[in-house]
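Reading the structure
Here are the chains, one letter per residue:
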Amino acid sequence: MDADIIILCDDIFLPESKKEIDGGVAIADGQILQIGERRSLSEYLGMDTQVMEYYNSTLFTFGEKHSGQGANIAVVAGNKKRKQGKIGKAVALRFLMYRGDVVFQKEV
């Protein structure tokens, strides 16, 4: 299945394991298909897939992993040195997807 959107970031914070990886997330029909390293997302790349890359940013997924509510994703910027610490007020939101709908997207 081809993804509608692939979002790439410097870090992805995985709340289940409290680890950070370099990679992205593939989304189709408002559902998360795959979270992982860049090479694991290549199988979801199609002709109409929109790829967004956010440098110096961390991607967070939140909510129930398989709740059926769709993708719950936030991409925050300017936090490369955060490394599992608290996100400060100076961090800017670049992208927010909630329940499969893009709520906010800042062009970079």
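Read on for an overview of the structure. (Residues numbered from 1 in each chain as written. Predicted model: local features only at pLDDT ≥ 70, side-chain atom pairs only at ≥ 80, totals over all residues. Heavy atoms only, no water.)

So, the sheet that holds strand β6 (residues 92-98)
Heads up, the condition is: Think of it this way: DSSP has to see at least two bridges between two strands before they count as a pair. Put simply, DSSP H or I for four residues or longer makes a helix, DSSP E for two residues or longer makes a strand, and each gets a number counted from the N terminus. Axes, fitted as lines to C-alpha atoms, cover a helix only where it is in contact. Angles between the N-to-C directions of the axes lie from 0 to 180 degrees.
Across the sheet, which stays open at both edges, the seven strands sit in the order β3-β2-β1-β4-β5-β6-β7 with mixed pairing between neighbours. Looking along the sheet, the strands with just one partner apiece sit at the ends: β3 (31-36) and β7 (101-105). Neighbour to neighbour, the strand axes of the sheet diverge by 30° on average, direction disregarded.

Points about unusual backbone geometry
Heads up, the rule is: In this scheme, a residue with accessible area under 20% of its type's maximum is buried, one over 50% is exposed, and one in between is partly exposed, where area comes from a 1.4 Å probe on protein chains only.
We note that Asn56 has phi near 55°; this positive angle belongs to a residue other than glycine. Tracing the sequence through the fold places Asn56 in strand β4 (residues 50-61). Take Asn56: its relative accessible area is 33%, and that puts it in the partly exposed class.

Some details on the nonpolar core
The line we're drawing: To define a nonpolar core, start from buried Ala, Val, Leu, Ile, Met, Phe, Trp, Tyr and Cys residues and group those joined through side-chain atoms within 4.5 Å. Contacts: residue pairs with any heavy atoms within 4.5 Å of one another.
Counting residues in each nonpolar core, the largest one holds 16 residues, and the members touching the most others are Ile7, Leu59, Ile73 and Val75. Listing elements by their share of this core, those giving two or more residues are β1 (5-14), β2 (19-28), β4, β5 (73-77) and β6. Among the elements that take part in this core, β1 stands out by supplying five residues, more than any other. In this structure Ile73 touches Ile7, Val25, Ile27, Ile32, Leu59, Phe60, Thr61, Phe62, Phe95, Leu96 and Met97, once residues within four positions along its chain are discounted. Grouped together as the second largest cluster of nonpolar side chains are six residues, Ala3, Ile6, Leu8 and Ala26 included.

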